[in-house]
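Now for the letters of each chain:
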Amino acid sequence: MHRTLHVAALALLTACADAAAPNANENAAATAAPSVAQATGGGAQVTMQQQLIEENYVLDRPGVLACSGEPISITARTRIVLQQVIIPGERFHGTFHMTEQGSSGVGMDTGLPYRFVQSQSESVRIEGELPYTGNAIFDRRVISQGSAPNFQLHNVFHFTINGNGELVVDRNEISRVCL
């Protein structure tokens, strides 16, 4: 049970990385080793992980192009904090918080600079055995530093983990609003 619940938390963490970078490439890298704190008591295990993630990708979805008129080369810097409380065989509760740490972008046609504003929190609670289905919602505002319009990306992530702890549904829907 502990292993499969941990898989659920990692699936959520992966979802958040995907949502932060819809077209992320293999250039993602953690700039600092995750800090991990653990405590146990009364049968519960409490774990807190914190990590700064840096990655480079091109934001070129059709919805983004409709707002900005061009693909945007992104350098993302995000701090991720995941806290878990696990009571083996009974319960998992995890909270997730992600904040921007200076993410920016450059329009690939015009050279126009962009900055990103984001802060989000998620909570996952699993009681009993798997399978488990979860949802996460992410919002990111992209602020133009010039004449292009600002826009907001809205991302809904849905996942299902089967009774064997395997990720079997992985759906990621992205929409945008030009501001």
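Computed from a prediction, not measured in an experiment: that's the story for all the values here. (Residues numbered from 1 in each chain as written. Predicted model: local features only at pLDDT ≥ 70, side-chain atom pairs only at ≥ 80, totals over all residues. Heavy atoms only, no water.)

Enquirer: An account of the overall build of the protein is needed here, citing residue identities and associated values.
Expert: Of the regular secondary structure elements, the protein holds 2 helices and 11 strands. When the elements of the protein are put in sequence order from the N terminus, they spell out α-β-β-β-α-β-β-β-β-β-β-β-β. Within the protein, counting contacts between residues at least 6 apart in sequence, those at least 24 apart form 59% of the total. (Helix = DSSP H or I, 4+ residues; strand = E, 2+ residues; numbered from the N terminus. Contact = heavy atoms within 4.5 Å.)

Enquirer: Summarise the nonpolar core; cite the residues concerned and give the values.
Expert: One broad rule of soluble globular proteins: the nonpolar side chains tend to lie buried together. Membership of the largest hydrophobic core comes to 14 residues, with the highest contact counts inside it found for Leu59, Val64, Ile72, Ile74, Tyr114 and Phe151. Listed by contribution, the elements that provide at least two residues to this core are strand 3 (44-59), helix 2 (62-68), strand 4 (72-87), strand 7 (113-117) and strand 10 (151-161). By residue number, the principal contributor to this core is strand 4, which donates 3 residues. If we skip the residues at most four places from it in the chain, Ile74 touches Glu55, Asn56, Tyr57, Leu59, Ser104, Gly105 and Phe116. In this structure, Ile86, Ala136, Phe157 and Phe159 belong to the second largest nonpolar core, which totals 11 residues. (Core = buried A, V, L, I, M, F, W, Y, C linked by side-chain atoms within 4.5 Å. Buried < 20%, exposed > 50% of the residue type's maximum accessible area, 1.4 Å probe, protein only.)

Enquirer: So, the environment of Pro71: which residues are in play, and what are the values?
Expert: In this fold, Pro71 is placed in the loop between helix 2 and strand 4. C-alpha separation for the pair Pro71 and Gly105, spaced 34 residues apart in sequence, amounts to 9.8 Å. Those residues within four positions of Pro71 in sequence are excluded, and the remaining contacts are Val58, Leu59, Asp60, Leu65, Val106, Gly107, Met108 and Asp109.

Enquirer: Report on the pattern of salt bridges, specifying residues and quantitative values.
Expert: Applying the stated criterion to the full structure yields 3 salt bridges. One salt bridge in this structure joins Arg140 and Glu100, with 2.5 Å as the shortest N-O distance. In this pair, Arg140 is assigned in strand 9 (residues 132-144) and Glu100 in strand 5 (residues 91-100), connecting sequence segments 40 residues apart. The two residues Arg140 and Glu100 agree in class, both being buried. (Salt bridge = Lys/Arg side-chain N within 4 Å of Asp/Glu carboxyl O.)

Enquirer: Before we move on, can you summarise the side chain of Thr160 with the specific residues and values?
Expert: Looking at where Thr160 falls in the secondary structure, it is placed in strand 10. Other than its neighbours up to four places away in sequence, Thr160 contacts Tyr132, Thr133, Glu166, Leu167, Val168 and Val169.

Enquirer: Any chance you could break down the environment of Tyr114 for me, citing the residues and the numbers?
Expert: Inspection of the secondary structure puts Tyr114 in strand 7. On the basis of relative accessibility, which here comes to 2%, the residue Tyr114 falls in the buried class.

Enquirer: Got a sec to walk through the state of the cysteines? Specific residues and values, please.
Expert: This structure, assessed with the given rule, holds 1 disulfide. Across a sulfur-sulfur distance of 2.0 Å, Cys67 and Cys178 are joined as a disulfide pair. One quick way to see it: the torsion about the S-S bond of Cys67 and Cys178 is about -100 degrees, and its sign makes the bridge left-handed. In this pair, Cys67 is assigned in helix 2 and Cys178 in strand 11 (residues 167-178), connecting sequence segments 111 residues apart. (Disulfide = S-S within 2.5 Å.)

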